[in-house]
Amino acid sequence: QEVSAAEPERTFIAIKPDGVQRGLIAEILSRFERKGYKLVAIKLVLPSKEFAQKHYHDLKDRPFFDGLCDFLSSGPVLAMVWEGEGVIKYGRKLIGATDPQKSEPGTIRGDLAVVVGRNIIHGSDGPETAKDEIALWFEPTELVSYTSNAEKWLY
Ligand code: RTP
């Protein structure tokens, strides 16, 4: 699928069950908001294990796949779509390295998590994954296109 140049860049971000249970939703949302990214979809979902397996299908041959899918389906997940220039790559930068032991302080995982199996947040790793993950988690009608008042000061 071709992404036209006029289409705004969007990424799929999810706060995993550990982040939700630890009360980190507002803290994490505020980091994306303050940066200047725009929230275009958000919902709290309880994914089934089958759904988690779909989300992580790329990792199905990894030894931690089963435990990872059990974990993702163990409680509510806050699913979101964020929009803005460079949001896919920079969103990953805000999140930090996969293993919180290697994430820099100042990143979400660096500041708020300790081990790789409980790293509180997920972010799409590229344009294709972003498109696929947004389509997996959201209906097209759940994505809200709008102009924010901040945009004329951001761009
Ligand atoms: P994510 O997709 O969640 O943003 O993470 P990522 O791209 O930084 O990392 P990836 O390699 O795609 O791994 C996905 C998630 O699997 C869990 N994981 N556990 N050795 C382990 O136990 C292990 N390695 C990875 C993490 O929750 C990671 O976020």
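Nothing here was measured: the structure is a model prediction, and the numbers come from that model. (Residues numbered from 1 in each chain as written. Predicted model: local features only at pLDDT ≥ 70, side-chain atom pairs only at ≥ 80, totals over all residues. Heavy atoms only, no water.)

1. Comments concerning the UniProt feature "binding site: ATP" (unreviewed entry) in the protein
Item 1. UniProt records the feature "binding site: ATP" (unreviewed entry) at Lys-16, Phe-64, Arg-92, Thr-98, Arg-109 and Asn-119, using the numbering of this structure.
Item 2. Secondary-structure assignment places Phe-64 in the loop between helix H3 (49-55) and helix H4 (65-72).
Item 3. For Phe-64, a relative accessible area of 40% corresponds to the partly exposed category.
Item 4. Looking at the secondary structure, you find Asn-119 in the loop between helix H6 (108-112) and strand E4 (121-123).
Item 5. Aside from chain neighbours lying at most four places away, what touches Asn-119 is Lys-16, Asp-18, Thr-98, Pro-100, Arg-109 and Ala-113.
Item 6. Only 2.7 Å separates the side chain of Asn-119 from the side chain of Lys-16, close enough to count as a polar contact. (UniProt positions renumbered as here; feature names shortened; annotations may be inferred. Helix = DSSP H or I, 4+ residues; strand = E, 2+ residues; numbered from the N terminus. Buried < 20%, exposed > 50% of the residue type's maximum accessible area, 1.4 Å probe, protein only. Contact = heavy atoms within 4.5 Å. Polar contact = N/O pair within 3.5 Å; in protein donor to acceptor, adjacent residues only side chain to side chain.)

2. Some points on the site of the ligand
Item 1. Around the ligand sit 13 residues in total, of which Lys-16, Arg-92, Thr-98, Asn-119 and His-122 are the nearest.
Item 2. Between Lys-16 and the ligand, the recorded distance is 2.9 Å, taken from a side-chain N or O atom to an oxygen atom.
Item 3. In the environment of the ligand, an oxygen atom lies 3.0 Å from a nitrogen or oxygen atom belonging to the side chain of Arg-92.
Item 4. In the complex, 76% of the free accessible area of the ligand, which totals 560 Å², lies under the protein chains.
Item 5. Considering each element in turn, the shell around the ligand owes the most residues, three residues, to E4. (Near = heavy atom within 4 Å. Areas by Shrake-Rupley, 256 points an atom, 1.4 Å probe, with all protein chains shown as cover.)

3. Quick notes on the packing of helix H2 (residues 25-35) against helix H5 (residues 87-95)
Item 1. For the pair H2 and H5, interaxial distance at closest approach is 11 Å and the crossing angle is 135 degrees. Classified by the angle their axes make, H2 and H5 are oblique. The element H2 and its partner H5 pack so that their crossing is right-handed. Taken together, the residues of H5 that come into contact with H2 (itself represented by Arg-31, Phe-32 and Lys-35) are Tyr-90, Gly-91, Leu-94 and Ile-95. (Axes fitted to C-alpha atoms, helices over the stretch in contact; angles between N-to-C directions. Parallel < 35°, antiparallel > 145°, perpendicular 65-115°, else oblique. Left-handed = near helix turned anticlockwise from the far one by under 90°.)

4. Observations regarding the nonpolar core
Item 1. Ranked by size, the top nonpolar core spans 21 residues in total, and within it Ile-28, Phe-32, Trp-82, Ile-108, Ile-120 and Ile-121 carry the most contacts.
Item 2. Among the elements of the structure, strand E1 (10-15), H2, strand E3 (77-83), H5 and H6 are those that each provide at least two residues to this core.
Item 3. Among the elements that take part in this core, H5 stands out by supplying four residues, more than any other.
Item 4. In this structure, Ala-14, Tyr-56, Cys-69 and Val-81 belong to the second largest nonpolar core, which totals 16 residues. (Core = buried A, V, L, I, M, F, W, Y, C linked by side-chain atoms within 4.5 Å.)

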